[in-house]
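Structural overview for review
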Protein chains: 2
Amino acid sequence: MRAVIAREPGGPEVLTVTETDAPVAGPGEVVIDVVATAVNKADTLQRMGFYPPPPGESDILGLECSGRIASLGEGVEGFTVGQEVCALLASGGYAEQVRVPAGQVMPVPEGIDLVSAAALPEVACTVWSNVFMLAGLQPGERFLVHGGAGGIGTFAIQLATALSARVFTTAGSEEKLRVCRDLGADVALNYRDEDFVEVLKAAGGADVILDNMGAKYLGRNVDALATQGRLVVIGMQGGTKGELDLGTLLRKRAAVLATSLRARPTEEKAAICASVVEHVWPLVADGSIKPVIHTVLTLERAGEAHTLVDESTHIGKVLLTTLPALP
Amino acid sequence: MRAVIAREPGGPEVLTVTETDAPVAGPGEVVIDVVATAVNKADTLQRMGFYPPPPGESDILGLECSGRIASLGEGVEGFTVGQEVCALLASGGYAEQVRVPAGQVMPVPEGIDLVSAAALPEVACTVWSNVFMLAGLQPGERFLVHGGAGGIGTFAIQLATALSARVFTTAGSEEKLRVCRDLGADVALNYRDEDFVEVLKAAGGADVILDNMGAKYLGRNVDALATQGRLVVIGMQGGTKGELDLGTLLRKRAAVLATSLRARPTEEKAAICASVVEHVWPLVADGSIKPVIHTVLTLERAGEAHTLVDESTHIGKVLLTTLPALP
């Protein structure tokens, strides 16, 4: 089968389509005929050599996919060959076939086409597990998500809005800010011109912050928290080591949490996927949440797709498809 | 009535017994005839001018007491005048009488004398609310408490042991370490000779850490955490601003939480007290947890009591009593 790997650590040009053996479903696993996959920031880090796949996982890139079940491993129940699904992967999505534990395979939400479904697993599982399962965002609470126009951001704005939180977000261009507002953000700030700390403080502070900047925003995020606020760090695009003012944290009785989805044990990923199907898919099916897709390119154009994500000019998700051409 | 205040910010010599008006119970409050109170680290900080009482609270020192109900304010039910109780206070314990919201008043656990009961409210509410209600320590998990021979430490070791955690602690003398082991600590380390990070790492990491050192231990505490570990900071004796390695926190999917009891709203304190009476008092009544009391001095000797706590040579709690002399 065709699959995309990074020949060596480097820029988008190191991505190469190779021929490799098709995967075989082990006990509890399924193999999916991939129709589409998506480019995540983590993929670009892996390409540069900074984020190796967990031990035992394929070095084929790709953390999510949509497609049809090709085969079922021993003991797998609840799926049928040919069924349209999407899945959360530890790696291997940039390929014609991928092998995945059955617990990480989800039905395609009603009303979503099979290509677009590849935009959902990572953002839905990340936002739901962190903002709702971990940080416990409640209706009426103030929620701040940085980078509102990205894959995570566009999904988080819609999900938090659907669940009656008051949504604040940041982005770096007027076009991105407009998209954030259209998706439901109550307040969308250009971080180049405005200080999110002041805006949040004036509003009473953020009850939950979802952050991908890490160290660079640590102090300001803590300053922006409300009493009993929760800062959830899921990325470190602004560095890993930052100064934490425990005095401020203690006065606010607040918390700093940091998590990642990829390294979690299979059973935790399965629990997250089950919770997403139960709580989030109905909101996708009824139109409250729409996948926001910047573009869909063929697998051969993975390098171009990575360039887009590296340059961060995209809005929503960048998808790759194994289909030969798009209608 | 007699009460102890700090004449001005300073050393133990600034503590003075004054005559002041007795308190009157407002709606939802009770007045307690104080039999004993306890010296907390927070009192010594307040004496030095670093930790003022919350707005509207008395400037009389004292965050807990035991005694008998003297009068009931409007709408208070479930207590009777003369009943022996202990209470969590926002201030005012170093006095012959104190006024307190009824939700912060607890019965004296069975088998505990009334003077000794003054050793319990702060440590029981602090340890239970942080280690169990907030950080969710589970049976079989590894729990590290720094300063095992202090008031918090001696209580935390016993409570975590009673609830089947594996308990690690630190202290600064052989005598203190022996006490920690006698109270149930599985591993007691002299922090002058041994590195708690290495010991915890070798054991698989700490699932929950209760810390009063703040910035000084922040990096090492995070290093000592297990996957999904929770660091709860309740004091900042080692400074407020420290470097946090979000990369380590993210790899461990761990959390840094910081809280204090004193500034919480009355209804939260009441919920904590109710939970303590339900879950912790039975363990005191059956002898699983004993109050550890270093000494009991009269109210007039508050300065000596503060000197003991400042020098940190004590083991367990230092109490003050309004009784004229001890048997």
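Each remark here, short or long, concerns the structure printed above.
Residues numbered from 1 in each chain as written. Chains lettered and ligands numbered in written order. Predicted model: local features only at pLDDT ≥ 70, side-chain atom pairs only at ≥ 80, totals over all residues. Heavy atoms only, no water.

1. Regarding the interface of chain B and chain A
Each partner contributes residues to the interface: chain B has 30 residues there, and chain A has 30 residues. Viewed at the interface, chain A and chain B are joined by zero salt bridges. Run the count over chain B and chain A and you get nine residue pairs in polar contact (both at pLDDT 80 or more). Counting residues per element, the side of chain B that touches chain A draws most heavily on strand S13 (residues 241-245) of chain B, which supplies five residues. Tallied by class, residues from the side of chain B that touches chain A come to 16 nonpolar, eight polar and six charged. Relative to S13 of chain B, strand S13 (residues 241-245) of chain A runs antiparallel, the two being bridged by five bridges. Residue pairing in the sheet places Gly 242 of chain A in a bridge with Leu 244 of chain B of S13 of chain B. (Contact = heavy atoms within 4.5 Å. Salt bridge = Lys/Arg side-chain N within 4 Å of Asp/Glu carboxyl O. Polar contact = N/O pair within 3.5 Å; in protein donor to acceptor, adjacent residues only side chain to side chain. Helix = DSSP H or I, 4+ residues; strand = E, 2+ residues; numbered from the N terminus. Nonpolar A, V, L, I, M, F, W, Y, C, P; charged D, E, K, R; others polar. Pairing = 2+ DSSP bridges.)

2. Concerning the packing of aromatic side chains
Residue and element names in this part refer to chain B. This model, assessed by the stated rule, comprises four aromatic pairs over all chains. Both rings, one in Trp 128 and one in Phe 132, keep their centres 5.0 Å apart while their planes meet at 15°; by these two values the pair is stacked. One end of the pair is Trp 128 and the other is Phe 132, both in helix H2 (residues 121-134) and four residues apart, which spans about a single turn. Under the relative-accessibility criterion, Phe 132 is labelled buried at 12%. Ring geometry for Phe 196 versus Tyr 217: centroids 5.3 Å apart, planes at 45°, classification tilted. On the criterion of sequence distance, the pair formed by Phe 196 in helix H5 (residues 196-203) and Tyr 217 in helix H6 (residues 215-224) is long-range, its members being 21 residues apart. Like Phe 196, the residue Tyr 217 is buried in the burial classification. Just above the ring of Tyr 217 sits the side chain of Arg 220; from NZ or CZ to the centre is 5.5 Å. (Phe/Tyr/Trp six-rings, centres within 6.5 Å; stacked < 30°, edge-to-face > 60°. Buried < 20%, exposed > 50% of the residue type's maximum accessible area, 1.4 Å probe, protein only. Lys NZ or Arg CZ within 6 Å of the ring centre and 35° of its normal.)

3. A short note on the pattern of salt bridges
In this structure the tally under the stated criterion is 22 salt bridges over all chains. Salt-bridge contacts for Glu 141 of chain A lead to Arg 230 of chain A; the nearest nitrogen and oxygen are separated by 2.9 Å. Of this pair, Glu 141 of chain A sits in the loop between helix H2 (121-134) and strand S8 (142-145) while Arg 230 of chain A sits in strand S12 (residues 225-233), and the two are 89 residues apart along the sequence. By relative accessible area, Arg 230 of chain A is classed as buried at 15%. A salt bridge links Glu 84 of chain B to Arg 68 of chain B; the nearest nitrogen and oxygen atoms lie 3.5 Å apart. In this pair, Glu 84 of chain B is assigned in strand S5 (residues 84-88) and Arg 68 of chain B in strand S4 (residues 64-72), connecting sequence segments 16 residues apart. The partly exposed category is assigned to Glu 84 of chain B, whose relative accessible area is 38%. For Arg 68 of chain B, a relative accessible area of 38% corresponds to the partly exposed category. Three or more residues are tied together by salt bridges with common partners; here these are Arg 2, Glu 96 and Glu 300 of chain A.

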